Amino acid sequence: MSKRDDLIEKYVADLKDKFGETPDMDLLTKVTVGLGPSIYNLDASKVSGSDDAELETVKNNFLIKKLGMSEGPELMDGIKKVMDQYGSSVKSKHRAVVYYKLTQHFGKESIYN
């Protein structure tokens, strides 16, 4: 198995354990591939749910730039909802899982088709 496949296995485990769902493997793989080499960097591969600057980066770089969404309070509301679902006990959340859940939350799966 490749290193990317190993990471995707971790993401699947998080989605099952933290969100109680079996992921759409095609979408999860596409989101993971879309993150490029950042998934292999320990710091870049994680999102700190308690760091407001980090959450702004997720909003600007992913929701607005990647998913093409317009600025508005619903963006941060969606991010916080996903962070809450992931659980406050998990300090560093996998970026691929967060982006996967945000893609679903905002119904933007078509971006990856």
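Structure shown above.
Keep in mind that what you see is a predicted model, and the values were worked out from it rather than measured.

## A word on the overall build of the protein
Helices and strands together make up the secondary structure of the protein, namely 5 helices and 2 strands. In terms of overall dimensions, the protein has C-alpha extents of about 40 × 35 × 25 Å along its principal axes. The buried share among the 113 residues of the protein stands at 42%.

## Here we look at the packing of aromatic side chains
All chains considered together, the criterion is met by 2 aromatic pairs. Judged by centre distance (5.3 Å) and plane angle (70°), the rings of Phe-19 and Tyr-86 are edge-to-face. Linking Phe-19 in helix H1 (residues 3-19) with Tyr-86 in helix H4 (residues 73-86), this pair joins segments that are 67 residues apart in sequence. Accessibility expressed as a relative area gives 15% for Phe-19, which makes it buried.

## Here we look at the pattern of salt bridges
For the structure shown, the criterion picks out 5 salt bridges. Residue Asp-26 is joined to Lys-30 by a salt bridge in which the shortest nitrogen-to-oxygen separation is 3.2 Å. Placement of both Asp-26 and Lys-30 in helix H2 (residues 25-34) is noted, with a separation of 4 residues, approximately one turn of the helix. Taking the relative accessible area as the measure of exposure, Asp-26 reaches 46% and is therefore partly exposed. In this structure Lys-30 comes out as partly exposed when scored by relative accessible area, which is 28%. Measuring nitrogen to oxygen at the nearest pair gives 2.9 Å for the salt bridge that ties Glu-71 to Lys-59. Of this pair, Glu-71 sits in the loop between helix H3 (52-66) and H4 while Lys-59 is found in helix H3, placing the two residues 12 residues apart along the sequence. Overlapping salt bridges, with partners in common, bring together Glu-56, Lys-59 and Glu-71 in one network.

Rules used throughout
- Residues numbered from 1 in each chain as written.
- Predicted model: local features only at pLDDT ≥ 70, side-chain atom pairs only at ≥ 80, totals over all residues.
- Heavy atoms only, no water.
- Helix = DSSP H or I, 4+ residues; strand = E, 2+ residues; numbered from the N terminus.
- Buried < 20%, exposed > 50% of the residue type's maximum accessible area, 1.4 Å probe, protein only.
- Phe/Tyr/Trp six-rings, centres within 6.5 Å; stacked < 30°, edge-to-face > 60°.
- Salt bridge = Lys/Arg side-chain N within 4 Å of Asp/Glu carboxyl O.

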